[in-house]
Amino acid sequence: MTLATTRLDLRRIGGRIGAEITGIDLAEPLDEATIAELNTALLAHKALFFRDQHLDDAAQTRFAATFGALTTAHPTVPSLDGNEHVLAVDGGEGARANTWHTDVTFVLTPPKASTLRALVVPPYGGDTLIANAAAAYADLPEELRLLADRLWAVHTNDHDYAPHPQFRTAEAEQRHQVFVSRRYATAHPVVRVHPESGERGLFIGGFTQRLIGLSVTESRDILRLLQAYVTRPENTVRWRWTPGDLVLFDNRITQHYAPDDYGDLPRRLHRVTVAGDVPAGVDGRRSHVIEGDEAGHYTPKAV
């Protein structure tokens, strides 16, 4: 098999996050130099966007695997039939992730990176926003950075994308029960040190339940304050999908959000995630399990 050797064309699309890559066919096997160049670009820009790739599930899986061992689709949600690594991201009732989050932070080893591929997109709405958590940390005033450096948070999958239970449909309730069919709670540092770049980033988001050692009210107020830095417009990029697009983002130092702004129109993406490591804080301490297990069925053994 001939490996594709490509000189990447890169165009920044956000001031602080995001670059579009052209001049590459992700359906073809990539040589080591190209993979290294893509990884360097990912570390620098946090999110890479590829137009008009039109991959199938096997090609998306193969591309994601160039960045490391893969997770299975999800710790609790079933995979796509025929490919244990693919999670179907459908815009159905109760399934819309219209909250800022980092993928699967409720387990001990959240993914290193995520790939999303567009199959069906609405004619309007349905975009994906991605935020740079390192830029958010850098924006913090010094005294707030010092506080954040010391904080730890509990992340849990006892979380729901759907409205309050009294307004939840039967379909949404069923999805929620699947999502929490295994319970996970993990303690992570609020400021994570990136294992490759050494950057510090705010490691919070939608699965963050509370801060360790603080009350629910105190936790909510401090997390809201920190989260406001993550979602500042200058720290985000917005991608308008067309079918065939693929996005690769560094899950260790970003958050993302899919606005629920397309009514009852169909929207379908496929997600494949690369296995990560156990997060470490500023003082070198690593995350630990509070409830559940190390999710060995989902991700390779923690390192």
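Cut-offs and rules
- Residues numbered from 1 in each chain as written.
- Predicted model: local features only at pLDDT ≥ 70, side-chain atom pairs only at ≥ 80, totals over all residues.
- Heavy atoms only, no water.
- 1 Å grid on protein atoms, 1.4 Å probe; cavity = no way out; pocket = protein on both sides within 12 Å on 5 of 7 lines; lining within 4 Å.
- Points joined across faces, edges and corners; volume = space filled by probe spheres on them.
- Helix = DSSP H or I, 4+ residues; strand = E, 2+ residues; numbered from the N terminus.
- Nonpolar A, V, L, I, M, F, W, Y, C, P; charged D, E, K, R; others polar.
- Expected span 1.5 Å × (residues − 1).
- Buried < 20%, exposed > 50% of the residue type's maximum accessible area, 1.4 Å probe, protein only.
- Contact = heavy atoms within 4.5 Å.
- Pairing = 2+ DSSP bridges.
- Axes fitted to C-alpha atoms, helices over the stretch in contact; angles between N-to-C directions.
- Salt bridge = Lys/Arg side-chain N within 4 Å of Asp/Glu carboxyl O.

Enquirer: What should I look at first to understand the layout of surface pockets in this one?
Expert: In this structure, the second largest pocket encloses a volume near 390 Å³. Around the second largest pocket sit 16 residues that line it, and Gly205, Gly206, Thr208, Gln209 and Leu223 are the ones nearest its centre. Looking at the lining of the second largest pocket, the elements with two or more residues in it are strand 11 (208-211) and helix 6 (216-230). The element that contributes the greatest number of residues to the lining of the second largest pocket is helix 6, accounting for six residues. Taken together, the residues of the lining of the second largest pocket break down into five nonpolar, eight polar and three charged.

Enquirer: Mind showing me how you'd approach helix 1 (residues 32-45) here?
Expert: For an α-helix, the turn length of 3.6 residues means that residues three or four places apart are oriented alike. Across its 14 residues, helix 1 extends 20 Å between first and last C-alpha, which sits within 8% of the 20 Å expected from 1.5 Å per residue. By the burial criterion, the buried members of helix 1 are Thr34, Ile35, Leu38, Asn39, Ala41, Leu42, Leu43 and His45. In this structure, the buried side of helix 1 is in contact with strand 1 (9-12), strand 2 (19-22), strand 3 (47-50), helix 2 (57-65) and strand 13 (246-250). Note on helix 1: the residue one or two positions beyond its end, Lys46, has a positive phi of about 75°.

Enquirer: Help me understand the sheet that holds strand 12 (residues 236-239), please; the structure alone is not making it clear to me.
Expert: Backbone-to-backbone hydrogen bonds pair the strands of a sheet. The strands run either parallel or antiparallel. With antiparallel pairing, the three strands of this open sheet are ordered in space as 12-6-14. In this open sheet, the two strands that pair with only one neighbour each are strand 12 and strand 14 (254-257). If you compare each strand with its neighbour and ignore which way they point, the axes differ by 20° on average. The pairing of strand 6 (residues 128-132) with strand 12 spans four bridges and is antiparallel. Bridged to Ala131 within strand 12 is Thr236.

Enquirer: Is there a simple way to explain the pattern of salt bridges in this structure?
Expert: Pairing between side chains becomes possible if they bear opposite charge and their charged atoms approach one another. Applying the stated criterion across every chain yields a total of 18 salt bridges. Arg252 is the salt-bridge partner of Glu196, the closest N and O atoms lying 3.0 Å from each other. On the criterion of sequence distance, the pair formed by Glu196 in the loop between strand 9 (191-193) and strand 10 (200-202) and Arg252 in the loop between strand 13 and strand 14 is long-range, its members being 56 residues apart. The exposure class assigned to Arg252 is buried, which follows from its relative accessible area of 7%. Residue Arg224 pairs with Asp221 through a salt bridge whose shortest N-O separation is 3.3 Å. Of the two residues, Arg224 and Asp221 are both situated in helix 6; the distance of three residues between them amounts to about one turn of the helix. Because the salt bridges share partners, they merge into one network encompassing Asp127, Arg238, Arg240 and Asp261.

Enquirer: In this structure, what is going on with the sheet that holds strand 4 (residues 87-90)? I would like to understand it.
Expert: Strand order in the open sheet formed by seven strands is 1-2-3-13-5-15-4, with mixed pairing between adjacent strands. Single-partner strands in this sheet number two, and they are strand 1 and strand 4. Across the sheet, the mean angle from the axis of one strand to that of its neighbour is 25°, orientation sign disregarded. As paired elements, strand 4 and strand 15 (residues 268-274) share four bridges and run antiparallel to each other. The residue bridging Asp90 from the neighbouring strand is Arg268, located in strand 15. Against the sheet, helix 1 engages strand 1, strand 2, strand 3 and strand 13, with an angle of about 120° to strand 3. Running over the sheet, helix 2 touches strand 3, strand 5 (113-120), strand 13 and strand 15 and is turned about 30° from strand 15.

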